[in-house]
Amino acid sequence: ARGLQDRIGEHFRGVVTGTTKKATWIKTIPDGAEGRLVRGREGLSLGDEIGMVLLHTDPVRGFVDFSSERAVLPAEQ
């Protein structure tokens, strides 16, 4: 989380590493940062590759939250 805190809003590629009814866990490609997908997790399965946007990090608790790119609205130009 600490290494990503200055990258909020950046796009990443990731792979789904686990799913439960309450959470979808992902790992970024190629650097392997782990976090949870908090938006746009419907229909994803273990091993699926997706585009993601970094939403939030909490370096104290070690939390990293991503959203699927399909769940993020583009900024107005």
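1. Looking at the sheet that holds strand 3 (residues 34-39)
Item 1. Pairing within the closed barrel is mixed, and its five strands lie in the order 1-2-3-5-4. Neighbouring strand axes in the sheet, compared pairwise and without regard to direction, differ in orientation by 55 degrees on average.
Item 2. Note: strand 2 (residues 24-29) against strand 3, four bridges, orientation antiparallel. Its bridge partner lying in strand 3, Ile26 is registered against Gly35.

2. A look at the nonpolar core
Item 1. By size, the foremost hydrophobic cluster in this structure holds twelve residues: Leu4, Phe12, Val16, Ile26, Ala33, Leu37, Leu44, Ile50, Met52, Leu54, Val64 and Phe66.
Item 2. If we ignore the near neighbours within four places in the chain, the residues touching Val64 are Ala1, Leu4, Glu34, Gly35, Arg36, Leu54, His56 and Thr57.

3. Here's the deal with the environment of Ala33
Item 1. In this structure, Ala33 sits in the loop between strand 2 and strand 3.
Item 2. Since its relative accessible area comes to 18%, Ala33 is described here as buried.
Item 3. Sequence separation between Ala33 and Leu46 is 13 residues, and the spatial gap between their C-alpha atoms is 17 Å.
Item 4. Setting aside its immediate chain neighbours within four residues, Ala33 contacts Leu4, Ile26, Lys27 and Thr28.

4. Let's talk about the environment of Ile50
Item 1. Structurally, the position occupied by Ile50 is in strand 4 (residues 49-58).
Item 2. Residue Ile50 is classed as buried on the basis of its relative accessible area of 8%.
Item 3. Those residues in contact with Ile50 that sit more than four places away from it in its chain are Phe12, Arg13, Gly14, Leu37 and Leu44.

5. Considering the pairing of strand 3
Item 1. If you look at the hairpin formed by strand 2 and strand 3, you'll find four residues sitting between the two strands, and Gly32 has a positive phi there, around 80 degrees.
Item 2. Where strand 3 meets strand 5 (residues 63-68), three bridges bridge the pair, whose relative direction is parallel. Bridge pairing links Arg36 to Asp65 in strand 5.

6. A few points about the pairing of strand 5
The side chains of a regular strand alternate between the sheet's two faces.
Item 1. Counted residue by residue, strand 5 has five buried out of six residues, so it is predominantly covered.
Item 2. With six bridges joining them, strand 4 and strand 5 adopt antiparallel strand pairing. Opposite His56, over in strand 5, you have Asp65 as the bridge partner.
Item 3. Linking strand 4 to strand 5, which pair antiparallel, is a turn of four residues; within it Gly62 sits at a positive phi near 80 degrees.

The rules we used
Residues numbered from 1 in each chain as written. Predicted model: local features only at pLDDT ≥ 70, side-chain atom pairs only at ≥ 80, totals over all residues. Heavy atoms only, no water. Pairing = 2+ DSSP bridges. Helix = DSSP H or I, 4+ residues; strand = E, 2+ residues; numbered from the N terminus. Axes fitted to C-alpha atoms, helices over the stretch in contact; angles between N-to-C directions. Core = buried A, V, L, I, M, F, W, Y, C linked by side-chain atoms within 4.5 Å. Buried < 20%, exposed > 50% of the residue type's maximum accessible area, 1.4 Å probe, protein only. Contact = heavy atoms within 4.5 Å.

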